[in-house]
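Coordinate analysis (summary)
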Amino acid sequence: NTELRPLHSSVTGRDYLLYVAYPESYASHPERKYPVVYVTDGYWSFVKMSSLGGALWYDQIVPEYILVGLGYAGENVNYGKERMYELSPSCQTYGWAKNTKVQGGARKFLDALKTEIIPYVETNTRADSSFRVMAGSSMGGLFSLFCMYEEPELFQGIIAGSPEVDWDHRWLFRRECELRQAALGDDYKGAFHVPCRLFMGVGTGEVPDFVGSIEAFDSIIRSGQYADFAYRFQRFEGERHAGNGAELFNRGLRFVFEPRIPSNAPN
């Protein structure tokens, strides 16, 4: 129940390849609509996420959904280079990313998602536009959080796995502070509305400084007094950066879909 759909973006000028997986009931229930889970790095994460979805549907832990992996069209694509541009909100000129020449395309990629990719999916599939989830890991986790803050009503669920929140001298820390202060106002009588369910996680076996940055951002979220917001943070014992994806996506999907657990689900 999967297919590949190419899509050109006039916003970014790039050619995308959407990896689409449909739930088992899609063909037999043409009257139904389904929430959509979008996942970054579809060329790596799609197979993992699609097999996980089938298991969760079988156990009736989450409702059936359409899965859309976000990838790139073309032969011999340099996935590392492409994702570094689209998933980064700013330019980092030091450390492990200093030799990556093209960065900072997250805003354009989010615009393409909002104005082209999501409308395309919701026009060409039986998508339920009232519930969308954005999921990603590492730089994809950073982008998922970027989506949550920059377009707070676009996605109702956010899954941020081992997010690179230390990117560019903790750019996201500064941006969160800026947005929160603007929402609260000088008299602090306003409210910072972040209307979604966020699941964020990290492996305890990852680089200690990296884990520390994510734990610091967790503290900021917990102290932010966000309105219309549900949140869970989890540490995965012994897991490292690349190996925690399966468990993290599993727990993340359970949390974001918690209000929509099927009525006949087992206790």
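To keep things clear, this report deals only with the structure shown in the data block. (Residues numbered from 1 in each chain as written. Predicted model: local features only at pLDDT ≥ 70, side-chain atom pairs only at ≥ 80, totals over all residues. Heavy atoms only, no water.)

1. Focus on the overall build of the protein chain
- The secondary structure content of the protein chain amounts to seven helices and eight strands.
- Taking 267 residues into account, the globule formula puts the C-alpha radius of gyration at 18 Å, and the protein chain, at 18 Å, falls close to it.
- Its C-alpha atoms give the protein chain principal-axis dimensions of roughly 50 × 45 × 40 Å.
- Put simply, the protein chain has 267 residues, and 54% of those count as buried. (Helix = DSSP H or I, 4+ residues; strand = E, 2+ residues; numbered from the N terminus. Rg over C-alpha atoms; globule rule 2.2 N^0.38 Å. Buried < 20%, exposed > 50% of the residue type's maximum accessible area, 1.4 Å probe, protein only.)

2. Digging into the state of the cysteines
- Scanning the model with the defined rule gives zero disulfides in all.
- The thiol of Cys91 is unpaired, and the distance to the nearest cysteine sulfur, on Cys147, comes to 18 Å.
- Cys91 gets classed as partly exposed once you look at its relative accessible area, which sits at 46%.
- Cysteine Cys177 remains unbridged, with the sulfur of Cys196 as its closest cysteine sulfur at 19 Å. (Disulfide = S-S within 2.5 Å.)

3. Concerning the pairing of strand β7 (residues 193-203)
- Buried residues dominate β7, accounting for nine of its eleven residues.
- Taken together, strand β6 (residues 157-161), helix α5 (residues 167-184) and β7 form a β-α-β motif whose crossover is right-handed.
- Bridge analysis of β7 against strand β8 (residues 227-236) gives nine bridges, and the strand direction is parallel. For His193, the partnering residue across the bridge sits in β8 and is Ala227. (Right-handed = clockwise from strand over helix to strand, strands pointing away. Pairing = 2+ DSSP bridges.)

4. Examining the sheet that holds β8
- Spatially, β1-β2-β4-β3-β5-β6-β7-β8 is the arrangement adopted by the eight strands of the open sheet, whose pairing is mixed. Strands with a single pairing partner mark the edges of an open sheet, and in this sheet they are β1 (2-8) and β8. Here the average twist between neighbouring strands, direction ignored, is 20 degrees. (Axes fitted to C-alpha atoms, helices over the stretch in contact; angles between N-to-C directions.)

5. A closer look at the environment of His241
- Along the chain, His241 falls in the loop between β8 and α7 (245-256).
- Linking His241 and Ala112, residues 129 residues apart in sequence, is a C-alpha distance of 28 Å.
- Those residues in contact with His241 that sit more than four places away from it in its chain are Ser138, Ser162, Glu164, Glu206 and Phe210.
- Separated by 2.8 Å, the side chains of His241 and Ser138 make a polar contact.
- Among the polar contacts made by the side chain of His241, one reaches the side chain of Glu206 at a distance of 2.6 Å. (Contact = heavy atoms within 4.5 Å. Polar contact = N/O pair within 3.5 Å; in protein donor to acceptor, adjacent residues only side chain to side chain.)

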